[in-house]
Amino acid sequence: MIELRDVTVSYPLPNGTRKTVVENLSLEIRRSEMAYLIGPTGSGKSTLLRLLYMDRFPDKGVVRVDEYRSDRIRKKDIPYLRRSMGVVFQDFQLLPDRSAYENVAFALYVTGKSGAEVKHDVMRALARVGLSHKRNQYPHELSGGEQQRVVIARAIANHPWVLLADEPTGNLDPGVADEIQELLVSLHRQGMTLLMATHDYRIVKKYPARTLALMNGQVVEVDPETL
Ligand code: ADP
């Protein structure tokens, strides 16, 4: 379960004051739920995902992700929290000098799994995104959509219960964006909790789910039909 309770986040401005991005925000996302987080650029979508990843901490209020709480978590537990989540963030690019297989395996080596377990998890993740046959290709040999599939395989390889995705269809042509969204929806149907930040209303309307709009530091539930 994910819960934000009265969360306020601000960033310092060069003039010495602070810009408040979210203010007294409360929100709950249950296991196996799928939700979109929408709002224009700068509305705080990435900030909210980073709060859950505990890459950012609130100025005020509490963020809970399963048994982890932002006000109690110890630094050494943050890697464990992160291993329980899969992330598709724009700044987590693929390593250009590693194959698809190695890109997915990379993050698993640090978890202390045996070589056989890593191999099993990587092959399973690549199969789930439909890319087993391209496991030995390098990122530059893959299309944009295929690269995004590798990113998703990497995110799910460690069996996370939740997937956080920040504009996962952002830089893709509409047809390819649809294929990626269909993959994410199918992962959700298989039980994955999915929280996806997007400003692509076309995708939200075509694949409707609970939709949370960030506006003026608050989150409002909206009907995707009305977008
Ligand atoms: P979104 O993902 O919706 O585009 P962000 O969460 O990235 O929104 O940003 C929300 C606001 O916070 C923006 O005004 C942005 O400039 C500001 N912001 C985000 N990260 C930082 C940072 N590290 N330092 C200062 N301001 C930031």
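Details of the structure are given in the entry above.
These remarks concern the structure in this document. (Residues numbered from 1 in each chain as written. Predicted model: local features only at pLDDT ≥ 70, side-chain atom pairs only at ≥ 80, totals over all residues. Heavy atoms only, no water.)

Attention now moves to the overall build of the chain. For the chain, the helix and strand inventory stands at seven helices and 10 strands. A globule of 227 residues ought to have a C-alpha radius of gyration of about 17 Å, and the chain, at 18 Å, matches this closely. Seen along its three principal axes, the alpha-carbon backbone of the chain occupies a region of about 50 × 40 × 35 Å. A buried classification covers 51% of the 227 residues belonging to the chain. Element-wise, carbon and sulfur atoms account for 50% of the exposed surface of the chain, whose accessible area totals about 11100 Å². (Helix = DSSP H or I, 4+ residues; strand = E, 2+ residues; numbered from the N terminus. Rg over C-alpha atoms; globule rule 2.2 N^0.38 Å. Buried < 20%, exposed > 50% of the residue type's maximum accessible area, 1.4 Å probe, protein only. Areas by Shrake-Rupley, 256 points an atom, 1.4 Å probe, with all protein chains shown as cover.)

It is worth spelling out the site of the ligand at this point. Around the ligand, the neighbouring residues are Tyr 11, Lys 19, Val 21, Pro 40, Thr 41, Gly 42, Ser 43, Gly 44, Lys 45, Ser 46 and Thr 47. One of the side-chain nitrogen or oxygen atoms of Lys 19 is found 3.2 Å away from an oxygen atom of the ligand. One of the backbone nitrogen or oxygen atoms of Lys 45 is found 2.9 Å away from an oxygen atom of the ligand. For the shell around the ligand, the secondary structure elements donating two or more residues are β2 (18-29) and α1 (45-52). The biggest single contributor to the shell around the ligand is α1, with three residues. Across the shell around the ligand, the residue classes tally to three nonpolar, six polar and two charged. (Near = heavy atom within 4 Å. Polar contact = N/O pair within 3.5 Å; in protein donor to acceptor, adjacent residues only side chain to side chain. Nonpolar A, V, L, I, M, F, W, Y, C, P; charged D, E, K, R; others polar.)

Taken as a whole, this structure holds 18 salt bridges when the rule is applied. In this structure, Arg 30 engages Glu 33 in a salt bridge whose closest nitrogen and oxygen atoms are separated by 3.8 Å. (Salt bridge = Lys/Arg side-chain N within 4 Å of Asp/Glu carboxyl O.)

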